[in-house]
Amino acid sequence: MKTVILSLCFFSMGLQSSPAQTTPMNTSTTNSTNAEQELIDLSKDKWGWMANKNVDKLDELFDAKSMFVHMGGTWGKSQELDVIKSGNIWYKKAEIYSVIVNQIGNTAILLNDIDLLAVVNGNEVVNPFMVTEVYMLENGKWRMGSLTFSRLLRPVKLNAPATSK
């Protein structure tokens, strides 16, 4: 009986001394960490290019078959570039709160928790979004295959003059 209790005590102490795994186990190498940071930086650059309406940089980033999902519709690369160039949607400022990167082979999925200050058809709005970005690695270069905006139910965190719609 003493042996059982003593064994349980040691087993319990062993569990307490090993911290709980709160994130998926990362079995990747340092190169994957570098790839993740490269993708985070590329995504951040993309938000800047969208804010500055730099369609030349976006044209290089977006794959020819890329798809874009918005609250008001779904379309391909040429329409997204036209929408940005015309100012029908001006991605004025993306306040990024967190980015999760999941790499599966030559494909990476980024989840961005953001508040987006945008001008849509002349109206300034702020919306909380979880933005899903899908990238493919081709010839050593990341290309975007998809960008999807999913509106979150959380309140807007961004301190901006516009109201959420």
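Residues numbered from 1 in each chain as written. Predicted model: local features only at pLDDT ≥ 70, side-chain atom pairs only at ≥ 80, totals over all residues. Heavy atoms only, no water.

Visitor: How do you make sense of the overall build of the chain when you look at a structure like this?
Guide: What the chain contains, in helices and strands, is four helices and six strands. Within the chain, the proportion of its 165 residues that are buried is 34%. The contacts in the chain between residues at least 6 apart in sequence include a share of 54% that link residues at least 24 apart. (Helix = DSSP H or I, 4+ residues; strand = E, 2+ residues; numbered from the N terminus. Buried < 20%, exposed > 50% of the residue type's maximum accessible area, 1.4 Å probe, protein only. Contact = heavy atoms within 4.5 Å.)

Visitor: I'm lost on unusual backbone geometry in this one. Help?
Guide: Most peptide bonds take the trans form, and the phi angle of most residues other than glycine is negative. A positive phi is found at K53, a non-glycine position, where the angle reads about 55°. Following the sequence through the fold, K53 ends up in the loop between α2 (30–51) and α3 (55–61). Even without glycine at this site, N121 takes up a positive phi of about 50°. On the secondary structure map, N121 appears in the loop between β4 (107–120) and β5 (123–138).

Visitor: How should I be thinking about the sheet that holds β4 in this particular structure?
Guide: Hydrogen bonding along the main chain pairs the strands of a sheet, whether they run parallel or antiparallel. Strand order across the open sheet formed by six strands is β2-β1-β6-β5-β4-β3, with mixed pairing between neighbours. Lying at the two open borders of the sheet, with one neighbouring strand each, are β2 (73–76) and β3 (89–104). Going from strand to strand, the sheet's axes swing by 20° on average, the running direction of each strand aside. Pairing of β4 with β5 involves 14 bridges; the strand directions are antiparallel. Across the sheet, the residue bridging to I114 is F129, located in β5. Here helix α4 (residues 77–86) sits on the sheet in contact with β1 (62–70), β2, β3 and β6 (141–151), set at roughly 65° to β1. (Pairing = 2+ DSSP bridges. Axes fitted to C-alpha atoms, helices over the stretch in contact; angles between N-to-C directions.)

Visitor: How do you make sense of the pattern of salt bridges when you look at a structure like this?
Guide: Pairing between side chains becomes possible if they bear opposite charge and their charged atoms approach one another. Summed over the entire model, instances satisfying the criterion amount to seven salt bridges. A salt bridge links R143 to D63, with the shortest nitrogen-to-oxygen separation between them at 3.8 Å. Of this pair, R143 sits in strand β6 while D63 sits in strand β1, and the two are 80 residues apart along the sequence. Between K92 and E124 there is a salt bridge, with the nearest N and O atoms lying 2.7 Å from each other. Of this pair, K92 sits in strand β3 while E124 sits in strand β5, and the two are 32 residues apart along the sequence. (Salt bridge = Lys/Arg side-chain N within 4 Å of Asp/Glu carboxyl O.)

Visitor: Sorry if this is basic, but what is going on with the nonpolar core here?
Guide: Across soluble globular proteins, nonpolar side chains show a tendency to be buried alongside one another. Ranked by internal contacts, the top residues of the largest apolar core, which has 29 residues, are W47, Y91, L116, Y135 and F149. Secondary structure elements with two or more residues in this core: α2, α3, β1, α4, β3, β4, β5 and β6. Ignoring any residue separated from it by four or fewer positions in sequence, one finds W47 in contact with Y91, A94, I96, N112, I114, L116, V131, E133 and F149. (Core = buried A, V, L, I, M, F, W, Y, C linked by side-chain atoms within 4.5 Å.)

Visitor: Please explain the pairing of β2 as it appears in this structure.
Guide: Taken together, the four bridges between β1 and β2 define a ladder with antiparallel strand orientation. Directly across from F68, in β2, lies its bridge partner W75.

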